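Analysis of the macromolecular model
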Amino acid sequence: TAGGMIASAARRAPRALVRLPALASTRTHYTGTPHDHGGRAGGELRTGINPGVGQGSAPGPRAPLALGLETARAVTNLGRALETHAEASVSAFADMFESVWHADGLLFRRGDGDAAGWAASTAAEELASVRARRALPVATPALLSLAFADERTALVRLLGADGRERFLSMLRLDGAMMHDGWQIVREVVGSPLAAAPTTPAADDAPLASVRALLRSYLAIEHGGGAAHRKQAEALFAPRASLLAVGSAAADAPPSDWEAPAGAMLEVPLATYLDGVASQTPHAAEAAAHDAIANVELLPCGTAAAATVHVGNGACTTVFHDHLLLGRTGGRWRILSKTFAPRPWPQ
């Protein structure tokens, strides 16, 4: 088979000689309205890329992502990371897999049947699976879309080497030498098209259902008390993952919510829910820059991704949240939330 030939070639030839077709390329364009956030470019940069050109940035502290050379470098390095991810999937190169996945990464897959839930595999479990297999059936990998919320976070839609579409949440972290620090932290794999859900959503319109969930999410972010805690619990999957992208100074005191710049912090779902219960509902001004910036659904109808902007109660920060969602039994829930703060627009 084609997969067997690729696996055999990988065993005989140096790794550098075994290459996949280049990822699909489209023109770069913007969606969203630009804002001035402390000198950084705003809006959602969405692009398809060809990762075969360009040079990586030097390791070290990250400069803000501007619309120019730094953006081109970020797109190129992120594309190379995705190419490595695709090649590792086909060729079963464990070291390549490790270079692109964060050690604390999680991958969500849906069980068989529309009523089945979503299971989360750790990066270590996925690495063991890669080591145990020879190769996967070959499909040409393709980058379908890419959205930057800021200089450290990206949301990717990708057709994988297994022929399934998926969403990936990627971070650019200090201390990681490969691919200029871009690593996969969360991934949700869509179901095969043949396994599309048969149970309709409440309004039988998946996009409308996702947008309704996101509006409820925004309301809860500004709410507080036991009632909002209960609503928040219903929006998140029981094993949902929450990641804070670090922005604090290196000498800042430890926090349950904030990590040092260049790092990330896992926030337990229970901590988030307790925070909703204990906070005082925000004033109306806190929602001045709230927005559902982007929503995408996979053709299988079982997975979605969204970028949401939400202001904090003090009107000093607008959080850019990358949400990965899964559908089970006609109901959408949040599987992963990766959030990064940006200054309040002036």
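Please refer to the structure higher up on the page.
What comes next concerns the included structure. Here the residue numbering is sequential within each chain, running from 1 through the sequence in written order. Where local features are concerned, this predicted model is filtered to residues with pLDDT of at least 70; where side-chain atom pairs are given and counted, the filter is 80 or more; whole-chain, interface and lining totals use all residues. To get the side-chain values, all heavy atoms of the structure are used, and hydrogens and water are removed first.

Take the packing of aromatic side chains next. Aromatic contacts are taken between Phe, Tyr and Trp rings whose centres are within 6.5 Å, Trp giving its six-membered ring; a plane angle under 30 degrees counts as stacked, one over 60 as edge-to-face, and the others as tilted. With the rule as written, the count across this model stands at 5 aromatic pairs. With a centroid separation of 5.7 Å and 55° between ring planes, the pair formed by Phe 148 and Trp 182 is classed as tilted. Of the two residues, Phe 148 is situated in strand E7 (residues 142-148) and Trp 182 in strand E10 (residues 182-189); the sequence distance between them amounts to 34 residues. Trp 182 shares its class with Phe 148; the two are buried. Feature note: the residues Tyr 217, Phe 236 and Tyr 272 constitute an aromatic cluster, connected by ring pairs. Two conditions define a charge located above a ring, namely a distance within 6 Å from the ring centre to NZ of Lys or CZ of Arg, and an angle within 35 degrees of the ring normal. Sitting over the face of the ring of Phe 339, Lys 337 holds its NZ or CZ atom 5.0 Å from the ring centroid. Secondary structure elements are defined from DSSP: runs of H or I of at least 4 residues count as helices, runs of E of at least 2 residues count as strands, and each element is numbered from the N terminus. Only protein chains enter the area calculation, which uses a 1.4 Å probe; residues under 20% of their type maximum are buried, those over 50% are exposed, and those in between are partly exposed.

Attention now moves to the sheet that holds strand E11 (residues 236-245). A sheet is described by the order of its strands in space; here 6 strands give the open sequence E12-E11-E16-E15-E14-E13, paired in mixed fashion. Either end of the sheet is taken by a strand with one partner, and the two such strands are strand E12 (264-266) and strand E13 (291-297). Within the sheet, the average angular offset between the axes of one strand and its neighbour, ignoring direction, is 15°. A pair of strands counts as paired when DSSP detects no fewer than two bridges linking them. Alignment of E11 against E12, held across 3 bridges, turns out to be antiparallel. In the sheet register, Leu 243 faces E12, and the bridge partner there is Glu 266. Note on contacts: a residue pair is in contact if any heavy atoms of the two residues lie within 4.5 Å. Lines are fitted to the C-alpha atoms to define the axes, a helix being fitted only along its stretch in contact, and any angle between axes, read from their N-to-C directions, falls within 0 to 180 degrees. Helix H5 (residues 206-221) rests against E11, E13, strand E14 (303-311), strand E15 (317-328) and strand E16 (331-343) of the sheet, and its axis sits at about 145° to E13. Packed onto the sheet, helix H7 (residues 269-278) meets E11 and E16 and runs at close to 85° relative to E11.

Salt-bridge detection follows one rule: a side-chain nitrogen of Lys or Arg within 4 Å of a carboxyl oxygen of Asp or Glu. A full pass over the atoms with the stated rule returns 10 salt bridges. Taking the shortest distance from any N to any O, the salt bridge between Glu 266 and Arg 186 comes out at 2.7 Å. Of this pair, Glu 266 sits in strand E12 while Arg 186 sits in strand E10, and the two are 80 residues apart along the sequence. Classification of Glu 266 as partly exposed rests on a relative accessible area of 40%. Given a relative accessible area of 0%, Arg 186 falls into the buried group. Residue Glu 221 pairs with Lys 337 through a salt bridge whose shortest N-O separation is 3.5 Å. Separated by 116 residues along the polypeptide, Glu 221 in helix H5 and Lys 337 in strand E16 bring together distant segments of the chain. Judged by relative accessible area, which is 4%, Lys 337 ranks as buried. Here the residues in one salt-bridge network are Arg 157, Glu 165 and Glu 296, joined through shared partners.

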